[in-house]
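Geometric and topological summary
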Amino acid sequence: MERRLAAIVCADVAGYSRMMGADEAGTHAAFKAHRSAIYPIILNYGGRLVKNTGDGFLLEFPSIVGAIESAIAMQEMMAERNHHLPADRTMQFRLGVHMGDVLADEDEVFGDDVNIAVRLEAVAAPGGVAVSAKAYHEASRHLSASFVDAGSHRLKNIEETVEVWTWQPRGSKTPGPELRNNSNLPAQYRTAIIGVLPFANLSDSTDEYFSDGLTEDLIHALSLQSFYRVLSRSSTFSFKGKDLSTRLIAREIDATYLIQGSVRRAGTKIRVTAELIAPENGEQLWTGRYDRDMGDLFAMQDEITTNLSAAIAPEIYRAEASVPARSSSTDLTAWDRFLRGLSHYYQLTKADFEASIALFREAIALDPALSIARAYLATIQLQGVHYGWIRSTRQLWTEAMALAESSVRLDPRSSFAFSILSYVHALQGRYEAALDAARKAVELNPYDMGARGVLGICHLVIGEHRQAIELFSMAVQRGNTDPRYQWAALNAFSHYLLGQYDASLSWAREALYLNPNHLQVLAVRAAALAQSGRTEEAAKATEVLLSNFPGLTVERHLRNFRWKSRADTTHYRDGLLKAGVPFGKLTLVESVPKRTA
């Protein structure tokens, strides 16, 4: 075994696992062709191929200047080759360069300095080169290329932090969240990329099938959403059992968010934990734990999958809604404007709703095919009416229906689009059309608790309140906190119409925590208090309602309710009148004295 000073270059392909998942044969053939084209460059700078690593290679050079110049020449050649290819077929290497003592045994090299080069490759941007400060300072006076000080990095399994200098081809930018939207994908998919890592089995190896099955089911459930993309099983299962940081895994598969978890069995009990991570900064965005009896194994697995999907999906929406705050205020795409609108939507104030509506309209104007912006615009307009922030007009309802219908046409696979179409039909009294659209939404995505909740709205307006409560409660219990769906407010109405006033008041209280000025919830609370015989409390509740909405009358309020059962409408009207809400607008006519001759 020989010890010698050497310069080491480590290379890998950015997003190789994802590319193999999409096209194994094509990706492998392209990689071999690029590697063959690069090989003469390696020889020209005095380097040798130590080994191939599947998606990359390890090189040794006698000179650090030669190693760095070779790395730059390789990346410049790759940039030229990629320039002639469509975006979905480009292949970008990341190169790490370091120098130091290595142990050589036959054709292999070993040692800490080799490990540092391997870890530096993960620091490099796709198409770029990352060089340790030690190597850069040794070679810098002989280099014509410009490098940037990238600061200190803590590399996996390396005790001390390493100062890094980076190079990228001229005209390239450091990749960031905003670059996700520059793809050639259809508009509705220009967003987050989700990677579901294999759930760790913490029990006996005989339970491995369950943890793998749960992971696969969750990938399937999340992939039915149209807001984001989910990477295939082949992209993430290659990391099973490997001790790698989530940041490195995310960079490898181009994932914006990662989901990881574990499964532990004890007797007839099983515990599943999961977390949603933003890997770039390591922030834990959500965590959940589910304890279940084994019972029917498939039924339990389906229940846990449904719960996970229902809880995680809204958290991804919420996380993506924060992206616009970090974006530039100029040259915004339609997707940028949509996300900015989404960030305002989550604030639940009248001013934010108005800002959100304007941004959704801008997004649609820039990209008329952006289905999800149309669905959200329809949603927010009708919610604005319910909150008392937007005046209900025939024009508004006509536009909401047109938006919902066009959203479905543009993205016929979206359960959300069909849910909103059902919602508009239900609120306008088109009961059969509402049920048909809601059932289609559930069929498209059985894991979408929002779709099941909208089916509950259909039952509410028809007068089938127990079925409605069952569906609303299912959505709440499974952790769906998405503000598109006002579960607490809907439960307050269904319990009121069943005469369960205490339960109605409890749900109204819950809804008012989120939005203290929700017109419809303030109204149903006053009606429930009056029907319960709590006269003084009802009067105070009505005072709060009318102080927030001075022009409100029962007659005007009920115009926005097209319930099928006349008895339900009468029941609600009676509660409002008992609470002291005026029936209609009184017109005072001044009496004119008769003229006498």
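Rules of the game
Residues numbered from 1 in each chain as written. Predicted model: local features only at pLDDT ≥ 70, side-chain atom pairs only at ≥ 80, totals over all residues. Heavy atoms only, no water. Helix = DSSP H or I, 4+ residues; strand = E, 2+ residues; numbered from the N terminus. Buried < 20%, exposed > 50% of the residue type's maximum accessible area, 1.4 Å probe, protein only. Polar contact = N/O pair within 3.5 Å; in protein donor to acceptor, adjacent residues only side chain to side chain. Contact = heavy atoms within 4.5 Å. Patch = residues over 30% accessible without salt bridge, like charges linked within 9 Å, V, L, I, M, F, W, Y side chains within 5 Å. Areas by Shrake-Rupley, 256 points an atom, 1.4 Å probe, with all protein chains shown as cover. Salt bridge = Lys/Arg side-chain N within 4 Å of Asp/Glu carboxyl O. Expected span 1.5 Å × (residues − 1). Core = buried A, V, L, I, M, F, W, Y, C linked by side-chain atoms within 4.5 Å. Phe/Tyr/Trp six-rings, centres within 6.5 Å; stacked < 30°, edge-to-face > 60°. Lys NZ or Arg CZ within 6 Å of the ring centre and 35° of its normal.

On to the side chain of Ser 504, then. Inspection of the secondary structure assignment puts Ser 504 in helix H19 (residues 501-514). The class of Ser 504 is buried, set by a relative accessible area of 0%. Polar side-chain contacts of Ser 504 include one of 2.7 Å to the backbone oxygen of Ala 492. If we ignore the near neighbours within four places in the chain, the residues touching Ser 504 are Ala 492, His 495, Tyr 496, Val 524 and Ala 528.

This part is about a nonpolar patch on the surface. Judged by side-chain polarity, Tyr 39, Leu 43 and Leu 49 come together as a nonpolar surface patch covering roughly 250 Å² of accessible area. Here Leu 49 shows up in strand E2 (residues 48-52). The partly exposed category is assigned to Leu 49, whose relative accessible area is 30%.

Spanning 17 residues, helix H13 (residues 394-410) covers 24 Å between terminal C-alpha atoms, matching the ideal 24 Å at 1.5 Å per step. Taken together, the buried positions of H13 are Leu 396, Trp 397, Ala 400, Met 401, Leu 403, Ala 404, Ser 406, Ser 407 and Val 408. Tucked into the core, H13 has its buried residues touching helix H11 (350-366), helix H12 (371-387) and helix H14 (415-427).

Tyr 228, Phe 338 and Tyr 572 are the most contacted members of the largest nonpolar core, which has 133 residues in total. If you tally residues by element for this core, the top one is helix H9 (residues 297-321), at 11 residues. In terms of nonpolar packing, the next biggest core, distinct from the first, is built from 37 residues, Ala 11, Val 13, Met 19 and Val 131 among them.

For the rest of this paragraph, the subject is the packing of aromatic side chains. As enumerated under the stated definition, the model contains 24 aromatic pairs in all. Centre to centre, the rings of Tyr 136 and Trp 165 are 4.3 Å apart; their planes meet at 15°, and the pair counts as stacked. In this pair, Tyr 136 sits in helix H5 (residues 133-139) while Trp 165 sits in strand E8 (residues 162-167), placing the two residues 29 residues apart along the sequence. Trp 165 sits in the buried class, given a relative accessible area of 18%. With a centroid separation of 5.7 Å and an interplanar angle of 50°, the aromatic rings of Trp 563 and Tyr 572 are classed as tilted. Accessibility expressed as a relative area gives 0% for Tyr 572, which makes it buried. Through a chain of ring-to-ring contacts, three or more aromatic side chains come together here, namely Trp 335, Phe 338, Tyr 345, Tyr 346, Phe 353, Phe 360, Tyr 376, Tyr 387, Trp 389 and Phe 416. When the ring centre of Phe 237 is taken as origin, the NZ or CZ atom of Arg 233, which lies over that ring, is 3.9 Å away. Against the face of Trp 397 rests Arg 562, its NZ or CZ located 5.9 Å from the ring centre.

Read these as layout, nothing more, since geometry by itself doesn't imply function.
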